[in-house]
Amino acid sequence: MNESREWSSQSIQAEIDALKHTPGALLPILHALQDRFGFIPSDAVAMIAESLQQTRAEVHGVISFYHHFRTTPPGRHVVQICRAEACQSVGARALEAHAKARLGVDYHQTTPDRDITLEAVYCLGNCACGPSIRVDDQVRGRVTPEAFDELLDELQTQTLEVMA
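Let me sum up the structure you'll find in this document. (Residues numbered from 1 in each chain as written. Predicted model: local features only at pLDDT ≥ 70, side-chain atom pairs only at ≥ 80, totals over all residues. Heavy atoms only, no water.)

Some points on unusual backbone geometry
- A cis geometry characterises the amide bond from glycine 130 onward to proline 131, with omega recorded as -5 degrees.
- Along the chain, proline 131 falls in the loop between β3 (116-121) and β4 (133-135).
- Of note, the phi angle at glutamine 53 is positive, near 55 degrees, even though the residue is not glycine.
- Summarising the element assignment, glutamine 53 is placed in the loop between α3 (42-52) and α4 (56-65).
- On the basis of relative accessibility, which here comes to 77%, the residue glutamine 53 falls in the exposed class.
- Positive phi outside glycine occurs at histidine 108, with the angle close to 70 degrees.
- Secondary-structure assignment places histidine 108 in the loop between α6 (92-103) and β2 (109-110).
- You can call histidine 108 partly exposed: its relative accessible area is 38%. (Helix = DSSP H or I, 4+ residues; strand = E, 2+ residues; numbered from the N terminus. Buried < 20%, exposed > 50% of the residue type's maximum accessible area, 1.4 Å probe, protein only.)

Brief notes about the sheet that holds β2
- In space, the 5 strands of this open sheet follow the order β2-β3-β1-β4-β5, with mixed pairing throughout. Edge strands, defined here as strands with exactly one partner in the open sheet, are β2 and β5 (138-140).
- Sheet contacts for α6: β1 (77-82), β3 and β4; angle to β1, the most-contacted strand, approximately 150 degrees.
- Running over the sheet, helix α7 (residues 145-156) touches β1, β3, β4 and β5 and is turned about 10 degrees from β4. (Pairing = 2+ DSSP bridges. Contact = heavy atoms within 4.5 Å. Axes fitted to C-alpha atoms, helices over the stretch in contact; angles between N-to-C directions.)

With respect to the environment of arginine 83
- Residue placement: arginine 83 occurs in the loop between β1 and α5 (85-88).
- Taking C-alpha positions, arginine 83 is 31 Å from glutamate 6, a pair spaced 77 residues apart along the chain.
- Setting aside anything within four residues of it in sequence, one finds arginine 83 in contact with Gln88, Glu96, Tyr107, Ala120, Val121 and Tyr122.

Given below as structure tokens:
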């Protein structure tokens, strides 16, 4: 992720301006915005549409077509579960059901405490060690429901500073 996850109209426009002359600029702009802010701010749709001489519907259509793009900020941690065939063959569907039940959310949703966003991914390149997940930027293999629970306990444990 980039230097700041805070956004403003000026920071959105700067990302658009840097890429608007690129052939097929819409996807690079959307990726740049999500990389910088963690999601595509709603204000960006009109700004992109105007800059690229497209309609808001066209821009929104691309955002909603690709599951990769988020329109709301992600949780503190993003957990992706591999849904590719190799992982499915060694228990990914059971892991997926367990994760959804444990977190109380479906794919592309964030827990009410804004701690965990759950997403599907279709191959992490860790096929020999499935089922695999990615937590933020770290891939983990051979994840059982029990290992998932231990991981969540680690992620949800926060260190508190005690002032003397």
